[in-house]
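This is what each chain is made of:
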Amino acid sequence: MPTFVQILEFIGTFAFAISGIRLASAKRFDWFGAYVVGVATAIGGGTIRDVLLDLTPFWMTNPVYLVCSALALFWVIIFGKHLIHLHNTFFLFDSIGLALFTVVGVEKTLALDYPLWVAVIMGTLTGAAGGVIRDIFINEIPLIFRKEIYALACVAGGMVYGLCAWWGIGVVWTELLSGCSVLLVRILAVKYGICLPTLKGDQRE
Amino acid sequence: MPTFVQILEFIGTFAFAISGIRLASAKRFDWFGAYVVGVATAIGGGTIRDVLLDLTPFWMTNPVYLVCSALALFWVIIFGKHLIHLHNTFFLFDSIGLALFTVVGVEKTLALDYPLWVAVIMGTLTGAAGGVIRDIFINEIPLIFRKEIYALACVAGGMVYGLCAWWGIGVVWTELLSGCSVLLVRILAVKYGICLPTLKGDQRE
Amino acid sequence: MPTFVQILEFIGTFAFAISGIRLASAKRFDWFGAYVVGVATAIGGGTIRDVLLDLTPFWMTNPVYLVCSALALFWVIIFGKHLIHLHNTFFLFDSIGLALFTVVGVEKTLALDYPLWVAVIMGTLTGAAGGVIRDIFINEIPLIFRKEIYALACVAGGMVYGLCAWWGIGVVWTELLSGCSVLLVRILAVKYGICLPTLKGDQRE
């Protein structure tokens, strides 16, 4: 029986893979290319985290992440034309994935006795780096560097985690509050189109 | 005296480096840039594999791979104009390299007691990831995500390796059959222009 | 009290981060995106080196590099319009960073008993790979593959280091001579516009 967290992780992986596969399909990638982009989106962030922490990449110990990405590929192949109507559902799934991946990244780092600021970075990498790899693969400027707040939601969630842990709140509540912060920041940012300012210093160049 | 496998490895490294250097030269890279792209094509896949497996990258223990890439650079500098006539020869060399790199990747992974599916992925990464890095360096969408079957030849070879090992065939035969499967799939795919279908779901976007 | 080398390291990190942030701002990145590109430029090379050497990435043990990159971001936000007049200052800072990063990379590698040629590569990666990551993030062909001599200055510095060490010159002098070689090659290359030849073999394609 999968636990509640495992089900959330499955949903997050599925949503991340869908996002990669859809962008790849818009660039006329073949099935294999789309699968690779989907997998990279789903597991890329966690892989970079595990390499930096000198751990075995998480997906090498359990094939469920690759199977889950394969299901996402079949889903897009079969229901591709109708996916566009599910935009809001996928946004929610993607945000749940972002929240969960952030919490997992923070916890894995703190368990190795790294300080909180490293854990916040690792949580952010886990959540957001997959999307950067996806955009490099499809030869676009990474979306998260230009559009509404995405990675900052992870930073916020990581800080809430640290705050809760420092206050001595129990693990489950810490995870919940941290994950919900990510969700909240992300959903508010998209709903109200909140962006960070852009830099204008070098326009003359 | 180099062994037969070492000679094949030399040929494969040379062919992979040539492919990187030629694409770099089409983009007006200087000699250094072309060399870096050639080296990255030749050793990039194996480096990612070794980092994920937490091994010392193979080229850091023996300078032969960098020397071999340098020879490829000199070759292109001297014979550049005539290389175009050798297209078929380089295709064969490149396919031999792909086959050999796949087998090496699978074996290195199985030797660390990882399951077969991890070994198949590592074999595919060893064979195909260098080309992805090459295409990112020259700022193109990776070819293997869109054109005829390339990485899938590695996947097929990895599976044949697993099948042979499971049947208890000797190591040499397992290596030979696995490598020949890669060669066969690759050559048939190019000869008959076999492609995977592309995704069409999101064209409306 | 920071040592002299730490002050140089601070200057180098600052200059590298500025270079990433300015290029990101020319592409209309938001503050977060610009910060990520700045950080990647400043610490990317050293991170790749540490991953290949199987060490804990240097910036994970001391937050000064991330703080320094944040200061660079604030600097660009506040003084952006006037930075253009400081072009020569930043070129000097950037070259000092390049020299120092190269020496650090060479020393870290030799301390692990790798041979000199590995150390030269690691020194070059430390100095030059950050700029490659920066250019991939902003979706441009890496500058160092096409413009005047940059990474070759690191190679020269690394070789001078090896030569000095082999002659038995003391560590401080070895570091100084090696770093000054990088500076000298880089400054001469820019002043006299010295470039490597480009490849022309495949223009017909």
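Our structure is the block above this text.
Residues numbered from 1 in each chain as written. Chains lettered and ligands numbered in written order. Predicted model: local features only at pLDDT ≥ 70, side-chain atom pairs only at ≥ 80, totals over all residues. Heavy atoms only, no water.

## Re the nonpolar core
Ranked by internal contacts, the top residues of the largest apolar core, which has 145 residues, are A:Trp59, B:Trp59 and C:Trp59. If near-sequence neighbours (up to four positions away) are discounted, A:Trp59 is found in contact with A:Ile43, A:Thr47, A:Tyr65, A:Leu66, B:Leu52, B:Trp117, B:Ile121 and B:Met122. (Core = buried A, V, L, I, M, F, W, Y, C linked by side-chain atoms within 4.5 Å. Buried < 20%, exposed > 50% of the residue type's maximum accessible area, 1.4 Å probe, protein only. Contact = heavy atoms within 4.5 Å.)

## Brief notes about the interface of chain C and chain A
Listed by partner, the interface residues are 33 residues for chain C and 31 residues for chain A. Across the chain C to chain A interface the summed buried area is about 2,900 Å²; carbon plus sulfur atoms make up 66%. Interface area lost by chain C to chain A is led by C:Arg28, C:Phe32 and C:Met60, which between them contribute 23%. Inspection of the chain C/chain A interface yields three residue pairs in polar contact (both at pLDDT 80 or more). Elements that contribute at least two residues to the side of chain C that touches chain A include exactly helix H1 (4–26), helix H2 (31–52), helix H3 (64–79) and helix H5 (116–137) of chain C. The leading source of residues in the side of chain C that touches chain A is H2(C), at eight residues. Partitioned by chemical class, the residues of the side of chain C that touches chain A number 20 nonpolar, seven polar and six charged. (Buried area = accessible area lost by both parts, 1.4 Å probe. Polar contact = N/O pair within 3.5 Å; in protein donor to acceptor, adjacent residues only side chain to side chain. Helix = DSSP H or I, 4+ residues; strand = E, 2+ residues; numbered from the N terminus. Nonpolar A, V, L, I, M, F, W, Y, C, P; charged D, E, K, R; others polar.)

## With respect to the side chain of C:Asp94
Residue and element names in this part refer to chain C. In this structure, Asp94 sits in helix H4 (residues 87–110). Buried charge without a partner: Asp94 forms no salt bridge, and the closest opposite charge is Arg186, 5.0 Å away. Asp94 has contacts with Ala15, Phe16, Ser19 and Tyr150, leaving out every residue within four places of it along the chain. (Lys, Arg positive; Asp, Glu negative; His and termini not counted. Salt bridge = Lys/Arg side-chain N within 4 Å of Asp/Glu carboxyl O.)

## Structural notes on unusual backbone geometry
Glycine aside, residues mostly have negative phi angles, and peptide bonds mostly take the trans form. For B:Asn139, which is not glycine, the phi torsion reads 60° and is therefore positive. On the secondary structure map, B:Asn139 appears in the loop between helix H5 (116–137) and helix H6 (151–167). In this structure, C:Asp54 takes a positive phi of about 60° despite not being glycine. You can see C:Asp54 is positioned in the loop between H2 and H3. Judged by its relative accessible area of 40%, C:Asp54 is partly exposed.

## Comments concerning the relation of the copies chain C and chain A
For the match of chain C to chain A, the screw axis carries a shift of 0.0 Å, the RMSD comes to 0.0 Å, and the turn is 120°. Such a turn and shift between the copies fits a three-fold axis. Comparing interface residues between copies, only 12% of those in chain C also lie at the interface in chain A; the contact surfaces differ. (Least-squares fit on C-alpha atoms with pLDDT ≥ 70 in both.)

## Thoughts on the interface of chain A and chain B
Taken residue by residue, the interface counts 33 residues in chain A and 31 residues in chain B. Summing both sides of the interface, chain A and chain B together bury roughly 2,900 Å²; the carbon and sulfur share of this comes to 66%. Its largest share of buried area at the contact with chain B, chain A owes to A:Arg28, A:Phe32 and A:Met60, together 24% of the area lost on that side. Taken together, the connections running from chain A to chain B amount to zero salt bridges. Our count for the chain A to chain B interface comes out at three residue pairs in polar contact (both at pLDDT 80 or more). When residues of the side of chain A that touches chain B are traced back to their parent elements, those giving at least two are helix H1 (4–26), helix H2 (31–52), helix H3 (64–79) and helix H5 (116–137) of chain A. Here the side of chain A that touches chain B gets eight residues from one element, more than from any other, and that element is H2(A). Along the lines of polarity and charge, the residues of the side of chain A that touches chain B split into 20 nonpolar, seven polar and six charged.

## What about H3(C)?
Residue and element names in this part refer to chain C. End to end, H3 covers 22 Å across 16 residues, agreeing with the expected 22 Å (1.5 Å per residue, within 8%). For H3, the complete set of buried residues consists of Tyr65, Leu66, Cys68, Ser69, Ala72, Leu73 and Val76. Summarising the axial view, the buried residues of H3 lie within an arc of 160°, below the 170-degree limit, and thus occupy one face. (Expected span 1.5 Å × (residues − 1). Arc of directions from axis to C-beta.)

## Here's the deal with the packing of aromatic side chains
All told, the structure shown has 18 aromatic pairs over all chains when counted by the stated rule. Summarising the aromatic geometry, the rings of A:Phe29 and B:Phe145 are spaced 5.4 Å apart at their centres and angled 35° between planes, so their arrangement reads as tilted. Of the two residues, A:Phe29 is situated in the loop between H1 and H2 and B:Phe145 in the loop between H5 and H6; the pairing between them involves two chains. We note that A:Phe29, like B:Phe145, is buried. Here B:Phe137 and C:Phe145 contribute two aromatic rings whose centre-to-centre distance is 5.3 Å and whose plane-to-plane angle is 65°, an arrangement assigned as edge-to-face. In this pair, B:Phe137 is assigned in helix H5 and C:Phe145 in the loop between H5 and helix H6 (151–167), connecting two distinct chains. Like C:Phe145, B:Phe137 is buried. The positively charged end of A:Lys191 is found above the aromatic ring belonging to A:Tyr192, 6.0 Å away from the centroid. (Phe/Tyr/Trp six-rings, centres within 6.5 Å; stacked < 30°, edge-to-face > 60°. Lys NZ or Arg CZ within 6 Å of the ring centre and 35° of its normal.)

## Overview of a nonpolar patch on the surface
All names here are of chain A. A grouping of Phe10, Val64, Val67, Leu71, Phe74, Trp75, Ile78 and Phe79 is seen on the molecular surface, where their side chains present a nonpolar patch of about 710 Å² in accessible area. Looking at the nonpolar patch element by element, the count peaks at seven residues for H3. Residue Ile78 is classed as exposed on the basis of its relative accessible area of 60%. (Patch = residues over 30% accessible without salt bridge, like charges linked within 9 Å, V, L, I, M, F, W, Y side chains within 5 Å. Areas by Shrake-Rupley, 256 points an atom, 1.4 Å probe, with all protein chains shown as cover.)

## A short note on the state of the cysteines
By definition, a disulfide links the sulfur atoms of two cysteine residues through a covalent bond. Applying the stated rule across the entire model yields zero disulfides over all chains. For A:Cys195, which is in no disulfide, the shortest distance to another cysteine sulfur is to A:Cys154 and amounts to 16 Å. (Disulfide = S-S within 2.5 Å.)

## Focus: the packing of H1(A) against H2(A)
Residues and elements named next belong to chain A. Their axes nearest at 7 Å, the elements H1 and H2 cross at an angle of 140°. When the interaxial angle is binned, H1 and H2 end up oblique. In this structure, H1 crosses over H2, and the sense of that crossing is right-handed. Contacts between H1 and H2 involve Thr13, Phe16, Ala17, Ser19, Gly20, Ile21 and Ala24 from the first element and Ala34, Val37, Gly38, Thr41 and Ala42 from the second. Here the contact of H1 with H2 is built from residues that sort into seven nonpolar, five polar and no charged. (Axes fitted to C-alpha atoms, helices over the stretch in contact; angles between N-to-C directions. Parallel < 35°, antiparallel > 145°, perpendicular 65-115°, else oblique. Left-handed = near helix turned anticlockwise from the far one by under 90°.)

## Details of the packing of H5(A) against helix H6 (residues 151–167) of chain A
Residue and element names in this part refer to chain A. At a minimum axis separation of 8 Å, H5 and H6 run at an interaxial angle of 140°. For the pair H5 and H6, the crossing hand works out as right-handed. Note on element contacts: H6 touches H5 through Ala151, Cys154, Val155, Gly158, Met159 and Gly162, opposite Leu116, Val120, Gly123, Thr124, Gly127 and Ala128. The residue inventory of the contact of H5 with H6, partitioned by class, reads seven nonpolar, five polar and no charged.

## What about the environment of C:Phe90?
Its location among the elements puts C:Phe90 in helix H4. For the pair formed by C:Phe90 and C:Pro115, sequence separation is 25 residues and the distance between their alpha carbons is 34 Å.

## Some remarks on the environment of A:Leu112
All names here are of chain A. With respect to the helices and strands, the residue Leu112 is situated in the loop between helix H4 (87–110) and H5. With a relative accessible area of 36%, Leu112 lands in the partly exposed category. Each C-alpha atom of the pair Leu112 and Leu53 lies 8.4 Å from the other, and the pair is 59 residues apart in sequence. Contact partners of Leu112, with chain neighbours within four places excluded, come to Leu53 and Leu55.

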